[in-house]
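# Results of the structural survey
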Amino acid sequence: MFSPAFAVGLILGTIMSPLVCASAAERSPVAAAEEVVSRVTPSAKGAVLFQLNPALGNKITISGVAGGIRVEASDVRRLIAGYGWYLKNIAQVHFSWNGDRLTLPSPLPAPSSPVTIESPWNTVFAYNYCTLSYTAAFWDWNRWQRELDFLALSGFTHALVTAGLEKTWEDFLIGLGYPREKALRFIPNPAFAAWWNMGNLEGHGGPLTQQQIDRMAQLGRRIVSRMEQLGLTPVLQGYVGFVPADFEENVRMKGLKLVPQGEWVNFKRPWVVDPTCEAFPKLAADWYKALRKVYGISAKMFGGDLFHEGGSTGGIDVTRAAQAVQGAMQKASPGSVWVIQAWGGNPSRELLAGMDPKHALVLQLTKDMVNGGKNLRTFDGIPWVWCELANFGGNTGLYGGVPLLSRLGSDLAGYKDKGLTGMGTLSEGLETNPLHYALFSDRLWTEEDIPVRDWLTKYARQRYGSAPEAVVQALEILSSSVYSPVRSQEGCTESVICGRPSWEIRKASTWSSGERYYKLGDVVKAARGYVKAASEHPEMMKEETFRYDLVDVVRQVLADAAFYQLQQVKEAFDAGDVAAYRKQVDIFLSLITDMDDLLATDRQFLLGTWQAKALNMGTNAREKSLMDRAAKMMVTTWIDKAPQDLNDYSNRQWAGLVSDFYLPRWKNFFESQLEVLTGKKDRETAARECREKTVREELAFAGNGKIYPVKPSGSPLAVALRIMKGHGKTLDSLAADERGQAGMPWDLAHGSSLTFNVTDKVTSPGTYTATFQWKEGPSALKIHSVKLYEGDREVASDVHEGWTGTENRKNTFRLVLKKYRTNLDSYMLKAEVCGASSGISRGVMILKKSAD
């Protein structure tokens, strides 16, 4: 601890230092930094000396002093970021979206000599709109306070803020004469506000009460105020022309020109006011006035995307429109910057042409976790930020880009003279995959390549407090498998557990990936490594960080095993073996029930944790019911209709959701297929009745009124041990079967028949199945027919339309060989195929003999 004499000496300037003495007013940034220490690491209160030194510029210096450490920087943001760097790299502790390990030694460890650090980036950006619904929809002030401290400690500079826009829209619309009751119906639930703010929908999950709207405004103002205290720049919503679709029916304005926007995934979109029309300047001025009233500031940066995901320009002169939007921003807040997202073809060249580069910034959303640092788009002189987008929908699943992030400094080196100014994390779901985000965080401080193995050892020590060899080996396995995707995809490889059941299922949601680019056996090895470390080092189980990761990796084992176990169920079904079918179904369902048991041991994997946050946003029965329904709908059907493209987009593996939503769907499916297998129903009737029952249950879930636990139950280690031991033989068998299913490769460049020599696989008469599995390439594969030849003679065939790509449809063909010949003729399999689109398609054909 610092002595009173030392502290007084600093204030009076009697301590030898090149620093300029600070007045009480100038010391307010220091006070803000000290408050972060008190909130995050209270044991270090009074042992961290913050000093402002304008001469340091972008540099931060950390040194030891009697009783503690000193952090010097030019402003409050860098002071706090410097302390965050110290915590991770010198104190060797850890903070993340998935648990903290922040117990500090006493006295605080200090560097042996002063350390100077500097981030190579001017901008470090947090969140896209979707993040604030999929991750932060129901955060209260306590959660936001922790989040803002975390951002500041991690070195972030900017963050998008949307809490409070409900009140902004209400004041804006009512001020224009739009009816208040309609304004309230236009405002959506926070769970779906992201797509409202991007011009995709209106009112979904609402209407909110006036009290809720007012509380959201208070929260937004508080967030912005704290950000400014911490030196973070809030990015508020600019006005790009959105109005309710019925705006013209209710408000008369001279010179108003509206452009209908049609639908976005079954939702009616708000319309867009042509920014070049006579009415736009007044609308924009009124918007910024309402914005200042809610947030209490004149913002320096404004977000806002025109024509997002299919919006119509409707003949608007896009270049002039960009000039008008930016001009209105400058008039409202001179010197401000327009921040736009680069996604799905936006921003167009025409839009960029109308923007002043000095007052614009583009966020380049990068979902490619393989080569996302290469062949990047630049934006015609507009500054831009490289932003990772590794998570979609908040889905649960190990995923990230360890090789990409480790070499990203080299990959991006050539872009700094092409407008690149920073980095950002814009994943839709942030409370997942701590390894990926920890590496991203370290990437913010260096342009050098990061040696992965050394980094993993350091990461284990920081996150767990020690780095047993079993854990380091497990992390190495995960980093070279599940964290090393082979092509660009939208987030993790989803578990079939979370999808609407079918025999062909490979993934849960419409736009995600079903590619299994890593081996089940590798994930099993990693999980066994974590279990071994926990058993040999029981002190590690005291750390919430280790408990979370133990649960997470064992969960991944079950999630992946389900896909391969489903193939075992299907083989029994195809063979007509009722007893084997029942046995394999029981194993599959046990993977789901055991997953729920495992998830229940950690609060971060509880549906109740998500639900409780939503319920807390209501103060009466009506408000709580509204929030409960929205919270459950978001992570299940998304929309109050099914089947629809958005169903299961935000699937999560959470206790309660697994047992009450996913498990019943699979039970329904297996029961319907058993009725087919036993001859009680034909396939079409069984499929229709199962689908109808499943849809009814899916839609009813959001309104079931059930309150889920918020406290974990059971021991994570005990449940993990039971699972890994109880399923050990099954997991080894599935992993071995996976290796045996390497299959015979096919490579379709233009479209023709595929031919395979299967002589060594056809060894007796019986039923064989030929399964085509796409692996890579821009085109899926259509299979029209599969035939087996004995020499030149056709001996078996199956003719139907099949498909294999990121999803499969009828991609297994059944060949019945009645008689096996032992002459010298070879057995050849020929498939008539074509590419689903132009381009290369590659994969494997797996031929197996069914049980007789």
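Residues numbered from 1 in each chain as written. Predicted model: local features only at pLDDT ≥ 70, side-chain atom pairs only at ≥ 80, totals over all residues. Heavy atoms only, no water.

## Concerning the overall build of the protein chain
Within the protein chain, the regular secondary structure consists of 26 helices and 26 strands. Over its C-alpha trace the protein chain gives a radius of gyration of 29 Å, about what one expects of a compact globule, namely 29 Å for 852 residues. In terms of overall dimensions, the protein chain has C-alpha extents of about 100 × 70 × 55 Å along its principal axes. When burial is assessed residue by residue, the protein chain has 60% of its 852 residues classed as buried. When the accessible surface of the protein chain is summed, it comes to about 32,300 Å², and 51% of that surface belongs to carbon and sulfur atoms. Counting 97 positive and 92 negative side-chain charges, the protein chain places the centres of these two groups 2 Å from one another. (Helix = DSSP H or I, 4+ residues; strand = E, 2+ residues; numbered from the N terminus. Rg over C-alpha atoms; globule rule 2.2 N^0.38 Å. Buried < 20%, exposed > 50% of the residue type's maximum accessible area, 1.4 Å probe, protein only. Areas by Shrake-Rupley, 256 points an atom, 1.4 Å probe, with all protein chains shown as cover. Lys, Arg positive; Asp, Glu negative; His and termini not counted. Charge placed at Lys NZ, Arg CZ, Asp CG, Glu CD.)

## Some points on the packing of aromatic side chains
Counted under the stated rule, the structure contains 55 aromatic pairs. Taking the centre distance of 5.1 Å and the plane angle of 20° together, the rings of Trp455 and Tyr459 count as stacked. With a gap of four residues between them, Trp455 and Tyr459 both fall in helix α16 (residues 452-464), about one helical turn apart. Across the pair, Tyr459 and Trp455 agree in class, each one buried. Put simply, the rings of Tyr134, Phe192, Trp195, Trp264, Phe267, Trp511, Trp638 and Tyr649 touch in pairs and so form one group of aromatic residues. (Phe/Tyr/Trp six-rings, centres within 6.5 Å; stacked < 30°, edge-to-face > 60°.)

## Notes on the confidence of the model for the protein chain
A residue-level look at the protein chain finds 96% of positions with pLDDT of 70 or above and a mean pLDDT of 94. Here residues 1-27 is modelled with pLDDT under 50, and outside its nearest four sequence neighbours on either side it reaches 30 contacts, counting other chains as well. (pLDDT = per-residue confidence, 0-100. Contact = heavy atoms within 4.5 Å.)

## What to know about the sheet that holds strand β12 (residues 271-273)
Reading across the sheet, the three strands line up as β8-β12-β9 and stay open at both edges, with antiparallel pairing between neighbours. Across the chains shown, the open sheet's two edge strands, defined by having one partner strand only, are β8 (242-243) and β9 (258-259). By the bridge criterion, two bridges tie β8 to β12 in an arrangement that is antiparallel. The residue of β12 that forms the bridge with Phe242 is Val272. (Pairing = 2+ DSSP bridges.)

## Regarding the packing of helix α2 (residues 28-40) against helix α3 (residues 76-89)
Contact geometry for α2 and α3: axes closest at 9 Å, N-to-C directions at 25°. Our classification of the angle between α2 and α3 gives roughly parallel. Here the hand of the crossing between α2 and α3 comes out right-handed. In this structure, α2 uses Pro29, Val30, Ala32, Ala33, Val36 and Val37 to contact α3, whose residues at the interface are Val76, Leu79, Ile80 and Tyr83. Class assignment of the residues belonging to the contact of α2 with α3 gives a composition of 10 nonpolar, no polar and no charged. (Axes fitted to C-alpha atoms, helices over the stretch in contact; angles between N-to-C directions. Parallel < 35°, antiparallel > 145°, perpendicular 65-115°, else oblique. Left-handed = near helix turned anticlockwise from the far one by under 90°. Nonpolar A, V, L, I, M, F, W, Y, C, P; charged D, E, K, R; others polar.)

## What about the pattern of salt bridges?
Per the counting criterion, the structure on display carries 49 salt bridges. In this structure, Lys167 and Asp214 form a salt bridge, with 3.5 Å as the shortest nitrogen-oxygen distance. Linking Lys167 in helix α6 (residues 165-175) with Asp214 in helix α9 (residues 210-229), this pair joins segments that are 47 residues apart in sequence. Here Asp214 falls in the partly exposed class, since its relative accessible area comes to 27%. Across the salt bridge formed by Glu675 and Lys681, the nearest N and O atoms sit 3.3 Å from each other. A single network of salt bridges, built from pairs that share partners, joins Lys167, Glu170, Asp171, Arg180, Asp214 and Lys293. (Salt bridge = Lys/Arg side-chain N within 4 Å of Asp/Glu carboxyl O.)

## With respect to the pairing of strand β14 (residues 337-342)
Buried residues dominate β14, accounting for six of its six residues. Residues Val337, Val339 and Gln341 of β14 are buried on one face, and the alternating residues Trp338, Ile340 and Ala342, pointing to the opposite face, are buried as well. Sheet analysis places strand β13 (residues 301-303) next to β14, joined by three bridges and oriented parallel. Within the sheet, the bridge partner assigned to Gly303 lies in β14 and is Val339. Once you follow β13 into helix α12 (residues 318-332) and on to β14, the crossover reads as right-handed. Across five bridges, the pairing between β14 and strand β15 (residues 360-366) is parallel. (Right-handed = clockwise from strand over helix to strand, strands pointing away.)

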